[in-house]
Structures are given as structure tokens and as C-alpha cells.
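Descriptive analysis of the structure
Each chain, written out:
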Amino acid sequence: QVQLVESGGGLVQAGGSLRLSCAGSGRTFSTYAMGWFRQAPGKEREFVAAISWSGDSTYYADSVKGRFTISRDNAENTVYLQMNSLKPEDTAVYYCAASINYSGSDDYTMYDYWGQGTQVTVSS
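Residues numbered from 1 in each chain as written. Predicted model: local features only at pLDDT ≥ 70, side-chain atom pairs only at ≥ 80, totals over all residues. Heavy atoms only, no water.

This next bit is on the overall build of the chain. Counting secondary structure elements, the chain contains zero helices and eleven strands. Sequence-ordered secondary structure for the chain, helices as α and strands as β, is β-β-β-β-β-β-β-β-β-β-β. Burial analysis of the chain (124 residues in total) assigns 44% to the buried set. Contacts in the chain between residues far apart in sequence, at least 24 positions, make up 58% of those at least 6 positions apart. Total accessible area computed for the chain in this model is approximately 6,300 Å², and 45% of it derives from carbon and sulfur atoms. The distance from the centre of the 9 positive side-chain charges to the centre of the 12 negative ones in the chain is 3 Å. (Helix = DSSP H or I, 4+ residues; strand = E, 2+ residues; numbered from the N terminus. Buried < 20%, exposed > 50% of the residue type's maximum accessible area, 1.4 Å probe, protein only. Contact = heavy atoms within 4.5 Å. Areas by Shrake-Rupley, 256 points an atom, 1.4 Å probe, with all protein chains shown as cover. Lys, Arg positive; Asp, Glu negative; His and termini not counted. Charge placed at Lys NZ, Arg CZ, Asp CG, Glu CD.)

Here it is in C-alpha cells:
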């Protein structure tokens, strides 16, 4: 089992940047594929990015491709989401998630563990 804690959210102007972190507990963190999802008020949870257990493979939603970068540091049990050129439509609660069996999935039901979320607000 792994516990996930996100941090790094906040308020930023359009065009700005934020880096989200997701710290995982447990010695097996490096065996999980990881993903970032987001949910805006009144909308469904939406895939943002995912990374394989080794970090060799990354996956992005079309809406963030070229602006966001997912990475991980297994020695630190942490996964990151660097968000550049932020837009007001990126405003949402961002969640990190861990999957035991599925690498790169954009389906939130394929993820086994979730963090509590961190709010990102982009002002225009």
C-alpha cells in the first residue's frame, strides 16, 4: 500500500508556472506507475499525465502536451508535474494517483491509490 500527498498548488496568473509534487510513502513506490488527474467544479475527473514505474515512458493529455512535464525521482519517492504557460482552463484540483498494474492509463479507474488533491487556480 502507498500513501500519496500532493503539494505545490496555488494561485498564479495566466502564462505563469507551478510545480506540483506528490510524495509517496512505502518502499514499493518505484513499482507503481503514476498519474496526475484534475477535476474542475462541475466537471468529471480528467487525465493530465502519466509516467511508467521507471520514468522511461510518459503520457500526456492533448490539452497539456507541450506545456506540462511529468517526472519522478524514485530515490525520493516523489513524482512531479511541472506546469508552464498556464491557462485559466487549467484551474482545478489536481490529484496524483498510483497504479499497480497499468502504466500510462488515462482511465482513473485503473489507479489504486489517490492523494487528497491540491488546488491550482489560474487567473486571467
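This part takes up the nonpolar core. One finds Met34, Trp36, Leu81, Met83 and Tyr94 to be the most contacted residues of the largest nonpolar core, which totals 34 residues. For this core, the secondary structure elements donating two or more residues are strand 3 (18–24), strand 4 (33–39), strand 5 (46–51), strand 7 (68–73), strand 8 (78–83), strand 9 (92–99) and strand 11 (118–123). Here Met83 is in contact with Gly16, Ser17, Leu18, Leu20, Arg67, Phe68, Tyr94 and Val120, once residues within four sequence places are set aside. (Core = buried A, V, L, I, M, F, W, Y, C linked by side-chain atoms within 4.5 Å.)

A few words now on the packing of aromatic side chains. For the coordinates displayed, the defined rule picks out six aromatic pairs. Ring centres 5.6 Å apart and planes at 70° place the aromatic pair Phe37 and Phe47 in the edge-to-face group. Highlighted residues: Phe37 in strand 4 and Phe47 in strand 5, separated in sequence by ten residues. Judged on exposure class, the residue Phe37 and its partner Phe47 are both buried. Considering the side-chain rings of Tyr95 and Trp114, the 6.4 Å spacing of their centres and the 75° angle between planes classify their relative orientation as edge-to-face. Taken together, the residues span a long stretch of sequence, with Tyr95 in strand 9 and Trp114 in strand 10 (residues 113–114) at a distance of 19 residues. Take Tyr95: its relative accessible area is 15%, and that puts it in the buried class. Residue classification places Trp114 among the partly exposed residues on the basis of a relative accessible area of 27%. Sitting above the plane of the Tyr95 ring, Arg45 keeps its charged end 4.1 Å from the centroid. In this structure, Arg45 packs its charged tip against the face of Trp114, placed 4.7 Å from the ring centre. (Phe/Tyr/Trp six-rings, centres within 6.5 Å; stacked < 30°, edge-to-face > 60°. Lys NZ or Arg CZ within 6 Å of the ring centre and 35° of its normal.)

Our next topic: the sheet that holds strand 7. Overall, antiparallel pairing links the four strands, which are arranged 1-3-8-7 in an open sheet. Both outer strands of the open sheet, strand 1 (4–7) and strand 7, are each paired with one neighbouring strand and no more. Here the average twist between neighbouring strands, direction ignored, is 15°. In terms of strand pairing, strand 3 meets strand 8 through six bridges, oriented antiparallel. Counted as the bridge partner of Leu20 is Leu81 from strand 8. (Pairing = 2+ DSSP bridges. Axes fitted to C-alpha atoms, helices over the stretch in contact; angles between N-to-C directions.)

With respect to the helices and strands, the residue Ser52 is situated in the loop between strand 5 and strand 6 (58–60). Setting aside anything within four residues of it in sequence, one finds Ser52 in contact with Ala33, Ser57, Arg72 and Ser103.

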